[in-house]
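Analysis of the macromolecular model
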Amino acid sequence: MQTFDLEVRGLRALNETLHAQAGNTNQTVWEVINAKGSHAIAVGLDAPIEVNVKGSTGYYCAGMNSQATVHVHGSAGPGVAENMMSGTVIIEGDASQYAGATGHGGLLVIKGNASSRCGISMKGIDIVVHGNIGHMSAFMAQSGNLVVLGNAGDALGDSLYEARLFVRGSVKSLGADCIEKEMRPEHIEILRDLLERADADARPEEFKRYGSARKLYNFDVDNAAAY
Amino acid sequence: MCGIVGLFIKDKSLEPQLGALLTDMLVTMTDRGPDSAGIAIYGGQSENGAKLTLQSDNPEVDFASLAEDLGKAIDASVTGRIIDTHIVLSLPADKIAQARLTLPDLRPSVKFMSTGETMEIYKEVGLPKDVAARFELSGMSGSHGIGHTRMATESAVTTLGAHPFSTGLDQCLVHNGSLSNHNSLRRKLRREGIQIETENDTEVGAAYLTWKMQTGSSLGEALESSLTDLDGFFTFVVGTKDGFGVVRDPIACKPAVMAETDQYVAFGSEYRALVNLPGIEGARVWEPEPATVYFWNH
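The following paragraphs examine the structure supplied in this document.

**Topic: the overall build of chain A**
Along its length, chain A carries 3 helices and 11 strands. Taken against the 2.2 N^0.38 rule, which gives 17 Å for 227 residues, the C-alpha radius of gyration of chain A at 18 Å falls within 12% of a compact globule. The C-alpha extent of chain A, read off along each of the three principal axes, is 60 × 35 × 30 Å. Taking all 227 residues of chain A together, 54% fall into the buried category. In chain A, the share of contacts with a sequence separation of at least 24, taken over all contacts with a separation of at least 6, comes to 25%. Carbon together with sulfur atoms contributes 48% to the accessible area of chain A, which is approximately 9400 Å² in total. On chain A, the mean spot of the 19 positive side-chain charges and the mean spot of the 26 negative ones are 2 Å from each other.

Spelled out as structure tokens, the structure:
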């Protein structure tokens, strides 16, 4: 295992070192110490490596991730795993606003709570939150799955497209054009797989599914009041 | 952008370190606000009962014999302590109103920073580390304090545009965000007789809280009603004689992190500001909820 002291060597050296790892690197496991809330840790990785960050991170940790597994042993600041393409990002603590925003693929697991705008404009990423999520989560979410073991805040799934939202607890309010939908066997299967991969102790049958009512896809003057 | 830091000490043995801890937090937030910086510190009681903190761009001239001149004018015992561009005048609490009326005649260019029994506000234009060094903030002790680093968006970079803003005796406000309805609200508050000096949006927020409290609201109630009456983005931290409060607008896009241990409650715009606090590894760390008023009191 390679250990990288962020305080001593700095952020640019860290990201350059991690970017230099090719797909066949022998240095597959990295540990980053003295994270101390720094911004942009392990951003833009594109190799099947594992990066363990000790401590909490600031803005945009693991943004644009491809292939890599980034494991934060602490909490994450705003925009964690923003625009992730593939791979896995695991946050042991809480995540601040817009976790997983615009993500195209991969799995983001938040073991604590996520705050506002979790999964905003998600485009294929899977997000599993063991705790609660804040307001305006999954706003304009296009595809992928957002799984919440706790409760959801106000305006869940506002102006939603085709992302699937699964919530075990309460939903404070649904956003425009987001409705509760029937949980069919294929949804139970998707959820069972995601819960298992996210190491989440919950049964798929305990969740409700929310999705788009598909009324706001195209502008229709009769719907003007709902925009 | 802007940076906010706050530290409320629960364990008295940490009080001598308040200034040093807050200075480190403030300097860490430099890249959120390099234009100007300020701090409200709740230190010891004034020897004469109350404190009046003032600023001057020409302190050698303005502050020379100011305590003596003011003492004669208001017929009270007044002493002064000069710290760089600021002076902390110590005077009887019942003479504060008279002193504020008299000062513009005595020293027309002097600017008002704060009044209170324990609170002093220091703020200036410049990098946070330079501002902190000018006022020797790291040597100050106290029960709690709030600091701010400013990146100006709504008005000029001036001493009076820097935070914290005084909202009343021992009360202050710092702000991260921008208010959209400050022009109309400023006109309304001026009609109500509230004095507002600058075109700054946060000063209007501070004046709004002052006005609500003058018309019967508690600070908590004033903060609650700010959620309805102020349009825009804000994370506010307010200081009071006994503690501090936090409120974020319902959208809550301006960041905020809090940490609590047996020794303190701390606020930072980012977790980075908190990383050097003692025992932070074991602290309870969380993000304050939107549209929710929080208070910590001694």
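Moving on from the model shown.
**Some remarks on unusual backbone geometry**
In this structure, the amide linkage connecting B:His163 to the following residue, B:Pro164, adopts the cis form with an omega of 0 degrees. Of note, B:Pro164 is situated in the loop between strand S8 (144–150) and strand S9 (165–168). In the Ramachandran plot, A:Thr102 falls in the positive-phi region, its phi being about 60 degrees despite a non-glycine side chain. Along the chain, the position of A:Thr102 falls in the loop between strand S5 (88–91) and strand S6 (107–110).

**Quick notes on the packing of aromatic side chains**
Inspection of every chain in the model, using the stated rule, returns 9 aromatic pairs over all chains. Judged by centre distance (6.5 Å) and plane angle (35 degrees), the rings of A:Tyr60 and A:Tyr98 are tilted. Remark: A:Tyr98 occurs in the loop between S5 and S6 and A:Tyr60 occurs in the loop between strand S3 (50–54) and strand S4 (69–73); sequence separation between them is 38 residues. Relative to B:Trp211, the ring of B:Tyr208 lies with its centre 6.2 Å away and its plane at 55 degrees, an arrangement referred to as tilted.

**Re the nonpolar core**
Counting residues in hydrophobic clusters, the biggest one holds 49 residues, and the most contacted among them are A:Val51, A:Val70, A:Val89, A:Leu108, A:Ile133, A:Leu146 and A:Leu165. The greatest single-element share of this core, amounting to 3 residues, is contributed by strand S7 (residues 123–129) of chain A. Setting aside residues no more than four positions away along its own chain, A:Leu165 makes contact with A:Ala138, A:Leu146, A:Leu156, A:Gly157, A:Leu160, A:Cys178, A:Lys208, A:Arg209 and A:Tyr210. Core analysis: the second largest hydrophobic core is formed by 32 residues, B:Leu21, B:Tyr122, B:Tyr271 and B:Leu274 among them.

The rules we used
- Residues numbered from 1 in each chain as written.
- Chains lettered and ligands numbered in written order.
- Predicted model: local features only at pLDDT ≥ 70, side-chain atom pairs only at ≥ 80, totals over all residues.
- Heavy atoms only, no water.
- Helix = DSSP H or I, 4+ residues; strand = E, 2+ residues; numbered from the N terminus.
- Rg over C-alpha atoms; globule rule 2.2 N^0.38 Å.
- Buried < 20%, exposed > 50% of the residue type's maximum accessible area, 1.4 Å probe, protein only.
- Contact = heavy atoms within 4.5 Å.
- Areas by Shrake-Rupley, 256 points an atom, 1.4 Å probe, with all protein chains shown as cover.
- Lys, Arg positive; Asp, Glu negative; His and termini not counted.
- Charge placed at Lys NZ, Arg CZ, Asp CG, Glu CD.
- Phe/Tyr/Trp six-rings, centres within 6.5 Å; stacked < 30°, edge-to-face > 60°.
- Core = buried A, V, L, I, M, F, W, Y, C linked by side-chain atoms within 4.5 Å.

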